[in-house]
Amino acid sequence: MSGTKPDILWAPHQVDRFVVCDSELSLYHVESTVNSELKAGSLRLSEDSAATLLSINSDTPYMKCVAWYLNYDPECLLAVGQANGRVVLTSLGQDHNSKFKDLIGKEFVPKHARQCNTLAWNPLDSNWLAAGLDKHRADFSVLIWDICSKYTPDIIPMEKVRLSAGETETTLLVTKPLYELGQNDACLSLCWLPRDQKLLLAGMHRNLAIFDLRNTSQKMFVNTKAVQGVTVDPYFHDRVASFYEGQVAIWDLRKFEKPVLTLTEQPKPLTKVAWCPTRTGLLATLTRDSNIIRLYDMQHTPTPIGDETEPTIIERSVQPCDNYIASFAWHPTSQNRMIVVTPNRTMSDFTVFERISLAWSPITSLMWACGRHLYECAEEENDNSLEKDIATKMRLRALSRYGLDTEQVWRNHILAGNEDPQLKSLWYTLHFMKQYTEDMDQKSPGNKGSLVYAGIKSIVKSSLGMVESSRHNWSGLDKQSDIQNLNEERILALQLCGWIKKGTDVDVGPFLNSLVQEGEWERAAAVALFNLDIRRAIQILNEGASSEKAGCFKCAGDLNLNVVAMALSGYTDEKNSLWREMCSTLRLQLNNPYLCVMFAFLTSETGSYDGVLYENKVAVRDRVAFACKFLSDSQLNRYIEKLTNEMKEAGNLEGILLTGLTKDGVDLMESYVDRTGDVQTASYCMLQGSPLDVLKDERVQYWIENYRNLLDAWRFWHKRAEFDIHRSKLDPSSKPLAQVFVSCNFCGKSISYSCSTVPHQGRGFSQYGVSGSPTKSKVTSCPGCRKPLPRCALCLINMGTPVSSCPGGSKSDEKVDLSKDKKLAQFNNWFTWCHNCRHGGHAGHMLSWFRDHAECPVSACTCKCMQLDTTGNLVPAETVQP
Amino acid sequence: MFVARHIAADHKDLIHDVSFDFHGRRMATCSSDQSVKVWDKSESGDWHCTASWKTHSGSVWRVTWAHPEFGQVLASCSFDRTAAVWEEIVGESNDKLRGQSHWVKRTTLVDSRTSVTDVKFAPKHMGLMLATCSADGIVRIYEAPDVMNLSQWSLQHEISCKLSCSCISWNPSSSRAHSPMIAVGSDDSSPNAMAKVQIFEYNENTRKYAKAETLMTVTDPVHDIAFAPNLGRSFHILAVATKDVRIFTLKPVRKELTSSGGPTKFEIHIVAQFDNHNSQVWRVSWNITGTVLASSGDDGCVRLWKANYMDNWKCTGILKGNGSPVNGNSQQGNSNPSLGSNIPNLQNSLNGSSSGRKHS
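Residues numbered from 1 in each chain as written. Chains lettered and ligands numbered in written order. Predicted model: local features only at pLDDT ≥ 70, side-chain atom pairs only at ≥ 80, totals over all residues. Heavy atoms only, no water.

Looking now at the overall build of chain B. Tallying secondary structure elements over chain B gives two helices and 25 strands in all. Counting the 360 residues in chain B, one finds 60% classified as buried. Across chain B, every contact between residues at least 6 apart in sequence was considered, and the portion connecting residues at least 24 apart equals 47%. For chain B, the accessible area works out to roughly 14,100 Å², and carbon and sulfur atoms hold 49% of it. (Helix = DSSP H or I, 4+ residues; strand = E, 2+ residues; numbered from the N terminus. Buried < 20%, exposed > 50% of the residue type's maximum accessible area, 1.4 Å probe, protein only. Contact = heavy atoms within 4.5 Å. Areas by Shrake-Rupley, 256 points an atom, 1.4 Å probe, with all protein chains shown as cover.)

A word on the nonpolar core. Among the nonpolar cores identified, the biggest contains 119 residues, and I456, F601 and M669 of chain A are the most heavily contacted of them. Excluding residues within four positions of it along the chain, F601 of chain A makes contact with W474, L529, F530, L532, Y609, V612, F626 and F630 of chain A. (Core = buried A, V, L, I, M, F, W, Y, C linked by side-chain atoms within 4.5 Å.)

This brings us to the confidence of the model for chain B. Residue and element names in this part refer to chain B. In this model, chain B carries an average pLDDT of 84, and 85% of its residues clear a pLDDT of 70 or more. Counting contacts from residues 328-360, a segment whose pLDDT is below 50, to residues more than four positions away or on other chains yields 45 contacts. Two numbers describe this predicted complex: its pTM, 0.83, and its ipTM, 0.89. (pLDDT = per-residue confidence, 0-100.)

As a further point, take the confidence of the model for chain A. All names here are of chain A. Confidence in the prediction for chain A averages 80 pLDDT; 84% of positions are at 70 or higher. With pLDDT under 50 throughout, residues 151-170 is counted as low confidence; its partners more than four residues away or in other chains account for 14 contacts. When the criterion is pLDDT under 50, residues 754-777 qualifies, and its contacts beyond four places in sequence or with other chains add up to 33 contacts.

In this section: the environment of I247 of chain B. Among the secondary structure elements, I247 of chain B is positioned in strand 20 (residues 245-252). When near neighbours in sequence (up to four residues on either side) are disregarded, I247 of chain B contacts I237, L238, A239, H269, I270, V271, A272, W286, L293 and W313 of chain B.

To continue, consider the side chain of K37 of chain B. All names here are of chain B. Mapped onto the secondary structure, K37 falls in strand 4 (residues 35-41). Within the buried core, K37 has no salt-bridge partner, and the shortest N-O distance to an opposite charge, that of D10, equals 4.4 Å. Looking at K37, its side chain comes within polar contact range of the main-chain oxygen of D10, at 3.4 Å. A polar atom in the side chain of K37 sits 3.3 Å from the side chain of S52. Ignoring any residue separated from it by four or fewer positions in sequence, one finds K37 in contact with A9, D10, H11, M27, A28, T29, C49, A51 and S52. (Lys, Arg positive; Asp, Glu negative; His and termini not counted. Salt bridge = Lys/Arg side-chain N within 4 Å of Asp/Glu carboxyl O. Polar contact = N/O pair within 3.5 Å; in protein donor to acceptor, adjacent residues only side chain to side chain.)

Here we take up the domain arrangement of chain A. When its domains are assigned, chain A resolves into domain 1 (230-302 + 309-353), domain 2 (398-462 + 486-549 + 556-732) and domain 3 (827-877). One C-alpha centre belongs to domain 1 of chain A, the other to domain 3 of chain A; they are set 60 Å apart. (Domains from an automatic or database assignment.)

Further remarks concern the UniProt feature "repeat: WD" (unreviewed entry) in chain B. Residues and elements named next belong to chain B. Under the present numbering, the feature "repeat: WD" (unreviewed entry) in UniProt falls on residues 8-40 and 274-306. The annotated region residues 8-40 carries 0% helix and 55% strand content, and the separation between its end C-alpha atoms amounts to 14 Å. Each end of residues 274-306 is marked by a C-alpha atom, and these two atoms are 12 Å apart; helix forms 0% of the span and strand 58%. (UniProt positions renumbered as here; feature names shortened; annotations may be inferred.)

Once that is clear, we can look at the packing of helix 18 (residues 663-676) of chain A against helix 19 (residues 679-686) of chain A. All names here are of chain A. Running from amino to carboxyl end, helix 18 crosses helix 19 at an angle of 165°, the nearest separation of the two axes being 9 Å. In terms of their interaxial angle, helix 18 and helix 19 are classed as roughly antiparallel. Between helix 18 and helix 19 lies a crossing of right-handed hand. Where helix 18 abuts helix 19, its residues G665, V666, M669, Y672 and V673 lie against V679, T681, A682, C685 and M686. Among the residues forming the contact of helix 18 with helix 19, the class breakdown is eight nonpolar, two polar and no charged. (Axes fitted to C-alpha atoms, helices over the stretch in contact; angles between N-to-C directions. Parallel < 35°, antiparallel > 145°, perpendicular 65-115°, else oblique. Left-handed = near helix turned anticlockwise from the far one by under 90°. Nonpolar A, V, L, I, M, F, W, Y, C, P; charged D, E, K, R; others polar.)

Bringing helix 9 (residues 521-530) of chain A into the picture now. Residues and elements named next belong to chain A. Burial analysis of helix 9 places ten of its ten residues in the buried class, the great majority of the element. Regarding helix 9, the residues found buried are W521, E522, R523, A524, A525, A526, V527, A528, L529 and F530. Positive backbone phi, approximately 60°, marks L532, located one or two places after helix 9.

Let's shift gears to the sheet that holds strand 11 (residues 129-134) of chain B. Residue and element names in this part refer to chain B. With respect to topology, four strands assemble into an open sheet ordered 10-11-12-13, the strand pairing being antiparallel. Each edge of the sheet is formed by a strand with only one pairing partner; in this case those strands are strand 10 (116-121) and strand 13 (154-160). Put simply, the sheet's adjacent strands are angled 20° from each other on average, direction ignored. (Pairing = 2+ DSSP bridges.)

Looking now at the sheet that holds strand 12 (residues 140-146) of chain A. Residue and element names in this part refer to chain A. Spatial ordering of the open sheet is given by 10-11-12-14, a layout of four strands whose pairing is antiparallel. Looking at the sheet topology across the chains shown, the edges are occupied by strand 10 (116-121) and strand 14 (179-183). Between one strand axis and the next, the sheet turns by 20° as a mean value, whatever way the strands run.

Glancing now at the pattern of salt bridges. Counting across every chain of the model gives 54 salt bridges over all chains. Between K696 of chain A and D731 of chain A there is a salt bridge; the shortest N-O distance is 3.3 Å. Pair noted here: K696 of chain A is in the loop between helix 20 (692-695) and helix 21 (698-713) and D731 of chain A is in the loop between helix 22 (717-730) and helix 23 (751-756), with a separation of 35 residues, a long-range link. Since its relative accessible area comes to 1%, D731 of chain A is described here as buried. For the salt bridge of D118 of chain B with R62 of chain B, the shortest nitrogen-to-oxygen distance reads 3.6 Å. Of the two residues, D118 of chain B is situated in strand 10 and R62 of chain B in strand 6 (residues 60-65); the sequence distance between them amounts to 56 residues. There is no split in this pair, since D118 of chain B and R62 of chain B are both buried. Overlapping salt bridges, with partners in common, bring together K457, K461, E641, K648, K663, D664, D667, E670, D697 and R699 of chain A in one network.

Laid out in structure tokens, this is it:
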């Protein structure tokens, strides 16, 4: 402490106070600012604490070192070591009426003046103060003072003490130390050993020495350079750290010959080393001109006795502030808390966190361990859906039966939350594909039905013969445009795009109406315009403008649609008109892509529609429909090819319209999965109607497998079963083979096998239960050998008989359950048995038995059948979740 | 976005690892107090400690669950140079009544001469396999040939990494297109510029693990490593905790039909690198879909990282180690002014380097 570099000390007992000392001593009080504002005049130490200056003491010049009195009372007593070797007792803001007033100002003077390097209060005998001094010829360098020497308050009355203290300063000088040690040497650092109050460890000039005050003639010492900053581990009293230059040495006092360990050397010299007082084996070190505090977490250090274990030391560093750190101090009681001070006396209070280990649970909650504490953190439910991770989205979608609406296929996008335009496009595409496949199959079975699922790319390719274009009149305008004559394939494409409905009618009217209803004014207007109906387009825009005024700002943007309509109505066919000029330049400033393409279309030269075709913000289906209407066969093929590749590259689900569920579609879906991880959509999409060779694609199988695995992890057993059923409809080979057969005890034949020979009962052994129809014969004996089937362990009736309603189940509150039971009646009659003890019976009976019992129902059998299967005990999560 | 809740862990010393089972219904923790605790989640969502027992004679570094298909099985590894496999048994005692379950040691794996630093079960489709790594730089792969007998484990492979190992991660992909793969990180802190992450791949022909890749750019000590759940992606994602958080993608270069045999080649790209933890990063963990990464570091915070649709990774949440939010969520940007400004720059430079990635 050279006067410029401040040091910092926590009060040992009043733990909300600390002292900063450079040329003077400043006492601060720390307050939490969690629930209060920063007070005027206080300094912010961290996000939630601030310090207020309580008092300043500048009585003691030439401070070299400071040590806080360890006893409770008086609290603000400090010993200051000065450059001339004197040790002065001083206090900070303490009431001067205390009985210890006589101590304040007391000075302990060595024989020869030299710098005082270090001070250490004895932790047990609180009046003993050790001071380490520089060398002065043959003089002693370690002096132990008794601060009460000369004055004994018991003997000398209080008044007299105060009087004498006030009268002359000389009476406060103490020159006779209790002990003098370390002759002919210098002392750089000191610490008392907690093993015994009479043991003092000192870092001398070239050695570490242990002085025993019971026998001062002897000392134990070891030659080393690492003599600075000796300090004892508060949790492990034989472990001592000291340093020299950039190296820290760890000593074990039981084998005090060499360090048990030296820590990796730092490039800059160390200035302070301190053990954390609140946690075992954590050593903080500070080097000169550095803004980080390096921590050594000593999980295991070698011990001199026993086996030679390798050390496990975890090196860490913390950066409490941006400036260089002058000094730091551990808080005596708050866990891992420390305060640091910079050369310009800014302070910062912070806590060193333990290394945090963490783990995600499958249901998106995060658990972490910090020190000895565990924290769980779950995603809040009311989150904005846009921020939700795909894991949460997929889970919620699985619960809402996403992908399972096979009738109104488009509805799946609503089940998915109706938030993702790509999903919307995908499910509409799949919906139309399904619809038209069925349509085609009805018209001409086996003809083009499969083509629909192959996407527009294949449809367009398959079109034979040239398509002629013809001139069509604009309605409401004196103008003509070339439009391709629509052949069957183009009509199908337009249908898939959703522009026209089923049937031969090529009217876009219904489509426009539905768009208008959904408030998609701009899109509707553009579609109307592309169908050469400018009047309808203007009318739609006007409608939109009026409904916007009514409070619907959904598509307002910054533009009044009336203005657009006005601009539109000014359309002129003249090539060099002002209108054309203005539109070409200003259309680029329109925010809405549909408005933009409308003007692009109107101002385009005949046959070049790039402004429409390559406007990426316009939905793919509209652009493709537009292309089908206006492009010639070769142009169309090229355009579709190009767009397909673009979609594949981007993994844009709108592109499924083009690729269909083909290999191309799998490629596209692969990019989508790579980008989003949404295997759920990928699986359901591919299971919608892909041909078997696509379904067998390794990638598709892998997505399906991954999605099933997710459902398993979430314990969505029922959802997975539904998924498997859905899957087996398209891919019968995915149906798992029966894994269990019931064989007769007597003849050994499978009872279901022999049963399936009976013509009208061919569906496995599930019909062994009672069936709803009373006409069906109840099979209670083996169909092979006619011996009776085993008896249920609970009802003691032969298997194959129906389950009677639950015993004692006539209570009214169980009525709901009963009705539920009936639904599952089939299952209740199933055979079930324990794989361990081989006892069993009707599934329904067994389930109700194990609801209340742990052991097997067969008397004298102690098998805990149900507990053997730990996964069997897992409740499906669907029932728990909302 | 997230709220944290404290759970009384009751460990007597530092907790080193937390691990969830396949369903997230059970959790295991291990500690310097030489014990492992098993926690079960109640219907109400609270965690109850259902077992706590002394597992080792030293700090227990890691604990991990086997797939439930193999029963309720845990593995732990420790400073005491061993790894152990534990199985829950349905005891004759009335432990169940007290809400306690009983775990028995099935085997002790004693091959390591030094502290065993990590232990991980292989993905389910590989059977019941276990990998350990140790401070002496050897990765050992054990297999239980009979899944019904957990007391017999045979040492199948010993892979020498030449550097003290700190962490391992199996590639979870079950696709037949991907061979079994394991990534190993080293915390060797000697000042050499050796690469600290090595990736080994199983070769069907030689029936051995051979080095497939080395992440040459990672030269600082690595504390944790984690493959993301593959989830049907055509590439693998690997997170590395070193002096910063790094995320790599490994895209298998499609094997030519002719070149069977040799190790798979990968196009490796670093897609994100964040030094927001200021200093060492200790742990990384992926969520179930491999879309959100959580990391912890010496700044005492847990940070969450997520990629947007452009494959730009961003910090989406910061939590203090003691569960308190970082100065309220609204001020998230303010309290960490460097956050907002750093990432775009970083991302730009990264995008420049990772030209192989597709951008929509």
